[in-house]
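The chain contents come next:
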Amino acid sequence: MELSERHLAIMKFLRESGRADVSVLAEATGASEVTIRRDLEQLAALGALRRVRGGAVSDLARGDEPPFVFRELENTGAKRAIGAAVAGLVQDGEAVLLDGGTTALHIARALAGRGVTVMPLSLQAANVLASAAPTRVILPGGELRPGELAVNGPLAEASLRALRFDTAILTCCGVSVTDGITAYNLADAAVKALAMSQARRVLLAADAGKFTRTALAAVAPVDHIDVLVTDAATPQSTLEALEALGIATHRAV
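Residues numbered from 1 in each chain as written. Predicted model: local features only at pLDDT ≥ 70, side-chain atom pairs only at ≥ 80, totals over all residues. Heavy atoms only, no water.

Asker: Tell me about the sheet that holds strand E2 (residues 50–52), and please be specific about residues and values.
Answerer: Here we have 3 strands laid out as an open sheet, ordered E1-E3-E2, and antiparallel in their pairing. If you trace the sheet from one side to the other, it starts and ends with strand E1 (19–21) and E2, each paired once. Averaged over all pairs of adjacent strands, the angle between strand axes in this sheet comes to 25 degrees, irrespective of strand direction. Across 3 bridges, E2 lies against strand E3 (residues 55–57) in antiparallel orientation. Each residue of the ladder has a partner; that of Arg-50, found in E3, is Val-57. Strands in contact with helix H2 (residues 22–29) are E1 and E3; relative to E1, the strand with the most contacts, it is inclined by about 80 degrees. (Pairing = 2+ DSSP bridges. Helix = DSSP H or I, 4+ residues; strand = E, 2+ residues; numbered from the N terminus. Axes fitted to C-alpha atoms, helices over the stretch in contact; angles between N-to-C directions. Contact = heavy atoms within 4.5 Å.)

Asker: With reference to specific residues and values, describe the pattern of salt bridges.
Answerer: Considering all chains together, one arrives at 11 salt bridges under this definition. For Arg-37, the salt bridge is made with Glu-33, and the minimal N-O distance between the two is 3.4 Å. Taken together, the positions of Arg-37 and Glu-33, both in helix H3 (residues 33–45) and 4 residues apart, correspond to about one turn of that helix. Residue classification places Glu-33 among the partly exposed positions, given a relative accessible area of 35%. Lys-192 is paired through a salt bridge with Asp-188; the nearest N and O atoms lie 3.7 Å apart. Of this pair, Lys-192 and Asp-188 are both found in helix H9 (residues 186–197), 4 residues apart, which corresponds to roughly one turn of the helix. Each of the two residues, Lys-192 as well as Asp-188, counts as buried. Here the residues in one salt-bridge network are Asp-99, Asp-188 and Lys-192, joined through shared partners. (Salt bridge = Lys/Arg side-chain N within 4 Å of Asp/Glu carboxyl O. Buried < 20%, exposed > 50% of the residue type's maximum accessible area, 1.4 Å probe, protein only.)

Asker: Can you tell me about the sheet that holds strand E9 (residues 165–170), naming the residues and giving the values?
Answerer: Ordered by their spatial adjacency, 7 strands build an open sheet running E6-E5-E4-E9-E12-E14-E15, and the pairing between neighbours is parallel. For this open sheet the edge positions go to strand E6 (136–137) and strand E15 (248–251), each flanked by a neighbour on one side alone. Contacts between helix H7 (residues 123–130) and the sheet are confined to strand E4 (95–98), strand E5 (117–120) and E6, with E5 contributing the most and set at about 155 degrees to the helix.

Asker: Summarise the packing of helix H6 (residues 102–111) against H7; cite the residues concerned and give the values.
Answerer: To characterise two packed helices, one gives the angle between the axes of the helices and the distance between these axes. At a minimum axis distance of 8 Å, the contact between H6 and H7 shows a crossing angle of 10 degrees. Classed by the angle they form, the pair H6 and H7 counts as roughly parallel. Residues Leu-105, Ala-108, Arg-109 and Leu-111 of H6 pack against Gln-124, Ala-125, Val-128 and Leu-129 of H7. (Parallel < 35°, antiparallel > 145°, perpendicular 65-115°, else oblique.)

Asker: I'd like to hear about the state of the cysteines, residue by residue, with values.
Answerer: All told, the structure shown has 0 disulfides when counted by the stated rule. Here Cys-172 is not cross-linked by a disulfide; its sulfur's nearest cysteine counterpart is in Cys-173, at 6.9 Å. Residue Cys-173 is classed as buried on the basis of its relative accessible area, which comes to 9%. (Disulfide = S-S within 2.5 Å.)

These figures capture arrangement, not role.
Take a look at the structure:
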């Protein structure tokens, strides 16, 4: 098992069980106990878990958002495909607002070097976009969320109110027809909701896993989006339910 796969397996085990012993993780992953101890130290340094005697525990409640470094390992192929598909729906010359999160980072990589103006809501995306001319980057104000490096708060909201966008590209923590678009963080949800009101078109990028989750903070009903871009694993019945609400759907391949 590769390093990233092992880290992902460890974090999933902790999310489900709350605690994991080194010996159990070694058996589950096929790695040595020495390797598992090293993995746990690395993940603890990233704030993904807490080391205890003989193993590790998760400090996250079940309703908390997993750390960015953990989510970055999930569904990378699907997120990369979604990023390319989203970029294909953006025309040169557009003014675009780009949300934070791991999927948004893949979208930033696909947009970098295009002739568009982008306001990214995370420093990770800003760094990617600013490295490739002629993409124009406008930075918002706001307070940075540790680990995420995404902006929120009154200054971020003031930045959004001062501008009008052709397209707002949002990501989410959960989405469904019944519960709408949801996020774990309340301040993040407020920024997303405001972003939707400042754009002519709202595009939601969500991999199949997001349709199985509902997070704490409601952002908006699902029919507030114009376009959904998802991956091949999202059930056709889900897409049909969204299309019945007038939402255009695209599968990334």
